[in-house]
Structure formats: structure tokens, C-alpha cells
Amino acid sequence: MASGAPAKRVDAVRALRDAGVTALLTFGLFLPLIGFQTVTDVRNDLILNTRWPLLFAVVALVGFSRLAYSFAIEPWLQNRALKPAVEPAAWRGKVARWIIPFAIGFVVAYPAIVLATAGFGRAVKWIDNFGIQVLIYVMLGWGLNIVVGLAGLLDLGYVAFYAVGAYSYALLAKTFGFSFWILLPLAGTLASFWGILLGFPVLRLRGDYLAIVTLAFGEIIRIVLINWVDLTNGYAGITSIPRPTFFGIPFNADDDGFAAVFGLEYSPIYRTIFLYYLILALAFLTAFVTMRLRRLPVGRAWEALREDEIACRSLGINTTNTKLTAFAMGAMFAGFAGSFFAARQGFISPDSFTFLESATILSIVVLGGMGSQIGVAIAAVVMIGGTEIMRELDFLKLVFGSTFDPTQYRMLLFGLAMVLIMIWRPRGLITTRQPSVVLKERKAIASDLVKEGHG
Amino acid sequence: MTTPLLTVRSVKTFYGRVMALKGVDLDVNEGEIVTLIGANGAGKSTLMMTVCGNPRAREGMIDFAGQNITRMPTHEIARLKLAQSPEGRRIFSRMTVLENLQMGATTADPSHFKRDLDRVLTLFPRLQQRISQRGGTLSGGEQQMLAIARALMAQPRLLLLDEPSLGLAPLVVRQIFDAIKTLNAEDGLTVFLVEQNAYHALKLAHRGYVMVNGFITMSGTGHELLERPEIKSAYLEGGRH
Ligand SMILES: Nc1ncnc2c1ncn2[C@@H]1O[C@H](COP(=O)(O)OP(=O)(O)OP(=O)(O)O)[C@@H](O)[C@H]1O
Ligand SMILES: [Mg+2]
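From a predicted model like this one, the values you see are computed outputs, not experimental measurements.

Conventions and cut-offs
- Residues numbered from 1 in each chain as written.
- Chains lettered and ligands numbered in written order.
- Predicted model: local features only at pLDDT ≥ 70, side-chain atom pairs only at ≥ 80, totals over all residues.
- Heavy atoms only, no water.
- Pairing = 2+ DSSP bridges.
- Helix = DSSP H or I, 4+ residues; strand = E, 2+ residues; numbered from the N terminus.
- Contact = heavy atoms within 4.5 Å.
- Axes fitted to C-alpha atoms, helices over the stretch in contact; angles between N-to-C directions.
- 1 Å grid on protein atoms, 1.4 Å probe; cavity = no way out; pocket = protein on both sides within 12 Å on 5 of 7 lines; lining within 4 Å.
- Points joined across faces, edges and corners; volume = space filled by probe spheres on them.
- Nonpolar A, V, L, I, M, F, W, Y, C, P; charged D, E, K, R; others polar.
- Donors = N, O, S within 2.8 Å, 3.2 Å for Na, K, Ca; no water.
- Buried < 20%, exposed > 50% of the residue type's maximum accessible area, 1.4 Å probe, protein only.
- Buried area = accessible area lost by both parts, 1.4 Å probe.
- Salt bridge = Lys/Arg side-chain N within 4 Å of Asp/Glu carboxyl O.
- Polar contact = N/O pair within 3.5 Å; in protein donor to acceptor, adjacent residues only side chain to side chain.
- Near = heavy atom within 4 Å.
- Areas by Shrake-Rupley, 256 points an atom, 1.4 Å probe, with all protein chains shown as cover.
- Disulfide = S-S within 2.5 Å.

Student: Before we move on, can you summarise the sheet that holds strand 4 (residues 59-64) of chain B with the specific residues and values?
Tutor: By definition, the strands of a sheet pair up through backbone hydrogen bonds, in either a parallel or an antiparallel sense. Residues and elements named next belong to chain B. On the basis of which strands lie adjacent, the open sheet formed by four strands has the order 2-1-4-5 and antiparallel pairing. Because the sheet does not close on itself, it has two edges, and the strands there are strand 2 (18-28) and strand 5 (67-68). Two elements, strand 4 and strand 5, share two bridges in a ladder whose sense is antiparallel. Residue pairing for strand 5: D63 is matched across the bridge by N68. In the packing of helix 1 (residues 44-51) onto the sheet, the strands contacted are strand 1 (6-15), strand 2 and strand 4, and the crossing angle to strand 1 comes to about 110°.

Student: Talk me through the layout of surface pockets; I want residue IDs and the actual numbers.
Tutor: Considered as a void within the structure, the second largest pocket measures approximately 410 Å³ in volume. Lining the second largest pocket we find 15 residues, and of these R204, E309, R313, T319 and T320 of chain A sit closest to its centre. Of all the secondary structure elements, the ones that give two or more residues to the lining of the second largest pocket are helix 11 (309-314) and helix 12 (319-345) of chain A together with helix 2 (74-79) of chain B. Among the elements that take part in the lining of the second largest pocket, helix 12 of chain A stands out by supplying three residues, more than any other. When the residues that make up the lining of the second largest pocket are grouped by side-chain class, the tally is three nonpolar, six polar and six charged.

Student: So, the side chain of N100 of chain B: which residues are in play, and what are the values?
Tutor: Counting through the fold element by element, N100 of chain B comes out in helix 3 (residues 97-104). Ignoring sequence-local partners within four residues, the contact set of N100 of chain B consists of I91, F92, M95, G135, L146 and R150 of chain B.

Student: Explain the coordination of the magnesium ion (ligand 2) to me, and be specific about the residues and the numbers.
Tutor: All names here are of chain B. Summarising the metal site, the magnesium ion (ligand 2) is bound by the protein donors S45 (OG) and E87 (OE), whose distances to it range over 1.9 to 2.3 Å. Separated by 42 residues along the polypeptide, S45 in helix 1 and E87 in the loop between strand 6 (82-85) and helix 3 bring together distant segments of the chain. Accessibility expressed as a relative area gives 17% for S45, which makes it buried.

Student: Could you give an account of the interface of chain B and chain A, naming the residues involved and the relevant values?
Tutor: It is common to give the size of an interface as the accessible area lost on bringing the parts into contact. Every contact between the two is made by 31 residues of chain B and, on the other side, 34 residues of chain A. The junction of chain B with chain A conceals about 3300 Å² of combined surface from both sides, 57% of it contributed by carbon and sulfur atoms. Along the contact surface separating chain B from chain A lie three salt bridges. Linking R94 of chain B and E307 of chain A is a salt bridge whose minimum nitrogen-to-oxygen distance equals 3.9 Å. Where chain B meets chain A, there are eight residue pairs in polar contact (both at pLDDT 80 or more). Residue composition of the side of chain B that touches chain A, by class: ten nonpolar, twelve polar and nine charged.

Student: Tell me about the sheet that holds strand 9 (residues 207-212) of chain B, residues and numbers included.
Tutor: Residue and element names in this part refer to chain B. With respect to topology, six strands assemble into an open sheet ordered 6-7-8-3-9-10, the strand pairing being mixed. If you trace the sheet from one side to the other, it starts and ends with strand 6 and strand 10 (215-221), each paired once. Along the sheet, successive strands turn relative to each other by an average axial angle of 15°, direction set aside. Where strand 3 (residues 33-38) and strand 9 come together, five bridges link them in parallel fashion. When the sheet's bridge partners are listed, L36 is paired in strand 9 with Y209. Its contacts with the sheet put helix 6 (residues 140-152) on strand 6 and strand 7 (158-162), and the angle it makes with strand 6 is roughly 175°. Against the sheet, helix 10 (residues 229-236) engages strand 3, strand 9 and strand 10, with an angle of about 65° to strand 9.

Student: Let's hear about the site of ligand 1: which residues, and what values?
Tutor: All names here are of chain B. Contacts to ligand 1 come from 13 residues, most closely from K44, S45, T46, E87 and Q196. Measuring from an oxygen atom of ligand 1, one finds a side-chain N or O atom of E163 at 3.2 Å. In this structure, an oxygen atom belonging to ligand 1 sits 2.7 Å away from a side-chain N or O atom of Q196. Protein coverage of the free-state accessible area of ligand 1, which is 640 Å², stands at 58%. A per-element tally of the shell around ligand 1 places helix 1 first, with three residues. Residues that form the shell around ligand 1 fall into these classes: four nonpolar, six polar and three charged.

Student: Describe the state of the cysteines, listing the residues and the values that go with them.
Tutor: Working definition of a disulfide: a covalent bond connecting the sulfur atoms of two cysteines. Per the stated rule, a full pass over the model turns up zero disulfides over all chains. You can see C312 of chain A has no disulfide; the closest cysteine sulfur is in C52 of chain B, sitting 14 Å from it. The exposure class assigned to C52 of chain B is buried, which follows from its relative accessible area of 5%.

Keep in mind these numbers describe shape, not what the thing actually does.
See the structure below:
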């Protein structure tokens with residue numbers, strides 16, 4: 001194998017046999033699911049329909065996919081495994097240097113770009129459904145990244161802190177009429193308090209055990225929200241939550257509203273743009289704080305904790321405090337995001353804080369590459385933005401008929417994208433870890449010092 | 001004579017119900033190199049870890065620099081300037097060499113960081129070359145140097161080294177032993193060393209202890225122990241060169 005082994009020839013017989021077996025299995029599986037369909041006619045009798053063409057189309061599709069896998073993807077994966085890891089090319093470094101300023105410029109200019117291209121009427125949808133939605137998940141991803149990516153504590157109940165933030169804002173704003181700007185830090189503080197509360201019992205747990213306990217914690221919070229009807233109004237949720245104001249100026253059509261004060265014609269777009277920049281600022285805050293913390297002892301301790309807890313302790317790091325601060329910081333940003341969410345929606349209910357949310361946020365962190373902020377941001381854009389774009393694919397109706405609703409397939413595509421990313425990059429999109437410190441001056445070492453010592 | 005830097009008195013340590021240390025007495029004086037030798041499973045690493053409070057001693061007493069540390073949490077013991085390069089090295093593999101060293105300096109005075117860094121990099125020039133390489137990609141010997149260097153960054157008064165020569169080529173073992181000697185001679189560092197490489201360790205150390213099955217069975221100066229027939233037959237046969 002020394003002389004760079006040639007790619008293995010594809011065994012055609014085996015590939016065909018595999019495809020046949022796969023098609024057969026698909027047939028067996030989908031015969032009852034797709035092949036037969038029962039409908040009730042006008043007399044309310046059950047009629048058994050057969051759908052052979054559809055069934056065979058599916059079987060053929062799966063069979064050919066398997067064939068394609070044997071002939072194309074498998075050899076490619078094997079080839080890739082054989083090739084030695086190459087140093088990243090120089091152009092990659094250049095791209096990496098410019099990509100961040102470019103991305104920042106783009107997100108800052110995004111509302112203007114949308115206004116210019118989509119027009120005033122459709123812009124709200126693009127800024128709100130797409131921009132704000134993605135940014136919320138970028139922020140949540142960055143927050144969870146502190147806990148999972150940096151400190152290595154697998155947290156499956158992250159949405160609990162998001163919920164705490166949202167309900168804190170909703171309840172306090174409705175009951176006491178405090179403004180968004182007072183409640184934002186308060187919601188963050190409350191969420192981080194709950195983070196510490198969760199942290200204490202799970203201090204000694206790691207990995208799978210920690211995951212299960214945090215999962216349970218997330219469910220507990222949701223079930224309390226459902227059942228404590230006096231406080232939270234249960235399933236019905238909380239409505240007409242006060243919206244954030246522009247430093248005291250509300251976004252409404254009144255005479256003292258934002259539009260009137262600034263002499264503009266009233267439009268809901270001003271609030272949307274304001275909310276966009278608000279969540280953008282919150283997301284930047286998260287990224288900035290995380291970046292700073294990574295260079296401070298506490299951030300370094302998080303990363304060291306992920307690697308080796310015993311070594312940390314013997315170096316004088318208080319691992320208890322280190323874990324608790326990771327939980328608290330992560331929870332605080334979820335709390336910020338939660339109170340923003342409540343203020344943006346004006347309505348919250350326990351439905352928004354299901355395990356699926358935690359799972360989505362965790363997928364974003366894992367797919368992005370644990371610990372990489374850029375990776376997490378890209379993953380959030382792909383996963384959340386991608387599924388939002390699904391709503392827009394009206395042309396699919398031409399292909400699949402007018403009853404076809406692409407949004408129903410969001411989760412299917414979500415899963416498919418995840419599988420593909422994991423085949424392509426098993427350790428996430430961005431795996432290189434940026435050192436938190438580099439030596440500025442490169443000292444020249446005399447060569448006699450470098451040589452192996454001789455006794 | 002002044003009181004020893006480290007005093008271990010009738011310490012018993014348990015793993016569950018199994019007694020791993022069965023009443024250990026041992027002293028390390030300031031400025032000494034003391035070595036502990038013994039067969040696999042004798043309890044040497046357990047003693048090292050017990051001194052650091054992980055696991056705790058169930059009975060007995062451990063004193064360090066005049067303080068009773070028997071019940072202290074590990075991280076507070078470390079802050080008293082007792083550093084350990086543990087068995088299995090336990091370096092942070094995804095972090096760079098420099099970051100590892102920085103982690104070592106957690107309890108140290110930050111204003112001395114530069115000076116300490118220069119010191120360990122002069123001691124282990126190989127680390128200087130690898131300064132921005134990730135710890136996990138270092139060779140075994142380099143990882144061992146890093147583990148020692150990281151412990152040194154804490155400006156320790158007492159350095160515990162658990163089998164620094166494990167799995168290393170004789171040349172690298174020599175380098176590491178030379179480094180220990182230099183540290184002791186030039187910086188007055190006190191070293192407590194666990195070794196399988198009994199011959200080298202006893203030659204290097206001022207004093208040595210022999211551990212068998214959780215007991216200390218013999219002690220004396222390095223030279224004395226080297227001359228003992230029991231030691232020769234049990235630990236030195238074939239090992240000398
Ligand atoms: N975490 C643990 N749980 C249970 N038993 C343990 C544990 N660690 C060590 N032991 C047992 O305690 C005894 C002493 O182990 P220790 O690691 O101290 O030996 P050692 O002298 O360092 O041996 P070696 O030279 O092989 O490193 C052994 O019998 C070992 O099996
Ligand atoms: Mg050992």
C-alpha cells in the first residue's frame with residue numbers, strides 16, 4: 001500500500017445485488033404504506049385503491065440511489081479516507097480572513113438589501129421570517145456553544161432557559177409594565193439563575209448521564225409552564241405581550257408613534273427593522289462576550305475542562321465554579337433570546353419550547369463544529385434559513401400538484417441535510433480550533449539547543 | 001533539622017472497600033529529590049493522587065508546608081504550590097502547547113509568566129519548536145515534557161512526577177532526568193518522583209522509598225538502596241546498563 005493505493009474498482013455485481021436488495025426491502029416496506037390507499041366514497045363505504053405507479057416510482061428511486069451510492073459516493077469516501085490530510089491551501093486562509101468582515105457587512109446591510117430587491121410590501125416577510133428567525137437561532141446556537149462546544153457539557157434541555165427568558169419578560173411586562181430594556185437583563189439574570197440551579201445537581205455527571213438529566217429538566221420546565229395555569233395560562237399561553245419601544249417611542253400608528261414622530265408614513269416595517277437590529281445586536285453581544293471570555297482564565301478553563309477534568313483540578317482550577325459559570329453564561333444568552341422572542345411575537349405558549357427546539361439548537365452546534373462560532377452561524381443559516389426557504393418554493397406545486405405543501409417536508413429535508421453534512425464532515429462544518437493565544441515574537445533557538453541531548 | 005515540606009503519616013486510602021494504601025509514612029524535605037519505587041499496582045500513583053486530595057485519604061494525615069491538607073479540595077491544594085505531572089500525562093490535547101502551559105500557570109503570579117515560560121522552554125527546547133502545535137499531536141516524549149513543563153508553570157514548591165519515563169526512548173529519559181536534576185540544583189526545586197526505572201531514579205534521588213502492596217517496606221538514601229540485595233534482585237535485575 002506504500003505507493004498510494006489505486007482506488008478500488010467498484011464491484012458491479014455486488015452493487016447491483018445491493019441495489020436489488022434495497023429495492024426489494026423498499027417494496028416490502030412501502031407496499032402497505034404507499035401501494036394501498038383506503039378512501040371513503042359518498043356512501044361512506046371504504047374503498048381500497050392501489051397506487052402502483054407511485055409505489056414503483058419510489059422503489060426505483062431508492063434502488064437507483066443505492067446504485068449511485070455504490071458507484072459514486074462510496075468510492076469517493078474511500079478515496080478521501082486514503083488521501084493524507086492536506087494542509088489548507090493559502091487561498092483558504094485569505095478567504096477566511098475576508099469572510100467574517102464580509103458576513104458582518106452583509107447582515108448589517110441585510111434590511112436595506114431586502115428593501116431594495118423585494119420592495120416595501122414583501123420586505124417584512126423576508127426580514128422577519130428569514131432574518132430575525134435565523135438570527136434568533138444563531139444567538140441560541142452561540143449560547144449553547146458555550147456549554148456544549150467549549151465546556152463540553154452535553155445539554156439537551158437548553159430550551160428551558162429560552163422559556164424562562166420568554167416567560168420572565170412576558171409575565172413581568174404584563175404584570176408590572178416594566179419596559180423591555182429593564183426586563184432584558186432581568187430575564188437574562190433569571191435564566192442564568194436557573195442555569196446554576198440546574199448546574200448544581202448535575203455537577204458530577206458527564207456525557208450521556210448529563211444529557212438525560214438536562215433533557216428531563218427541559219421537560220420539567222415545559223410541563224410546569226403547561227400546568228401552572230394561574231401563572232402561565234397553560235396551553236393557551238400569554239397574549240398581548242407589550243412590544244419593545246424605540247427608547248420609549250412605540251411602533252404604532254398613533255400620533256406619538258415612531259412613524260409620526262419621525263414624520264414617516266405608518267408601516268409595520270419600522271418595527272420589523274428595529275427588531276432585526278435588536279436581535280443582531282444581541283447576537284453580536286453573545287459572540288463578542290464569548291470571544292473575550294475565551295481569552296480569559298475562565299474561558300480557557302472551560303475548554304480545558306472539556307479535555308480533562310482531573311488535570312484541571314490538579315492545576316488549581318475550581319471545576320465546580322467553572323461548570324456553573326458555563327451553565328450560567330449559556331443560560332443567560334438563552335434568556336436574552338427568550339425575552340426578545342416574547343417581545344417580537346407578542347404571544348408565547350409552551351408549544352414554542354418543546355424538546356424539538358433543544359434538539360434543533362444542539363444540531364446547529366454539532367453540525368457547525370463544536371466550539372466554532374463561524375461554524376455555528378453557518379449551520380444556523382443553513383438549517384433554519386433552509387427550512388424557511390422551503391415555504392417559498394411555490395414552483396414545486398407545479399411539479400407535485402397544487403395540493404403539495406413544501407413546508408410539510410421541512411423536517412424530512414432537515415434530517416436529510418443533517419445526514420449529508422455528517423457524511424461529508426463528520427466532525428461538523430468547521431473543525432479547526434482557533435488558539436486563544438499565540439506567541440507574538442518568534443524566538444530563534446540556536447540549533448544546538450534543539451538537538452537531542454547526549455549524556 | 002527543620003520540619004519536612006511534605007509529611008505523610010499513616011495514610012490509608014480506599015477504592016470502595018479495597019484498601020490501596022495501608023498506612024503510609026513518608027517525608028519529603030525541602031530541596032530534596034525523593035523517589036518512590038515499587039511493582040505495578042503497589043499503590044504509588046494512589047499515593048501521589050492522595051497527596052493531591054483525589055481520592056482523599058480515609059485515615060492518617062498529610063501536611064504540606066506546615067498546613068494540614070488531608071481534607072482540602074484538590075484545587076486548593078494546587079494553590080499551595082504543589083504541582084503534579086500525573087500518570088498518563090493528562091495534557092489538554094485539543095489545546096496548543098502554549099495554551100497548555102498557560103493552563104499550568106493558573107495559580108501562578110501572572111507577572112512572572114514570561115519569565116517562567118522562557119525557563120521551561122529553555123529546559124525543553126523541543127516545546128519551543130512545537131509551541132503552537134496541538135498537544136494531542138505531540139509525540140509521547142514531547143507530551144511528557146509538556147506535562148512536566150505545565151506543572152512547572154505553576155511555580156511549584158513541590159513537584160510530583162508520576163513515571164515521567166514511561167514509554168520513552170532511553171535518550172529522552174536521559175533528557176528528562178537531566179532536566180529534573182537541573183531544576184533541583186539550579187532552582188532548588190523539591191521533587192517527589194515515582195519511577196519504574198529504579199536504577200536511574202535511585203541514582204538521581206537523594207533518598208528513596210520502596211512500596212509493596214500499599215506499605216512502605218524500605219527507605220534510605222539512593223546509594224544505600226541501590227546496594228541492597230533485595231532491591232537488586234527485585235527491581236534492578238536486567239534493568240542496569
Ligand atoms: N480508580 C480505582 N478504582 C479501584 N481501584 C483502583 C483505582 N485506581 C487504582 N486502583 C487499584 O489500586 C492499586 C494501586 O494502584 P496504583 O495505580 O496506585 O498502582 P501503581 O503503584 O501506581 O502501579 P503502576 O506502577 O502500574 O502505575 C491497584 O491494585 C489498582 O488496581
Ligand atoms: Mg502508577
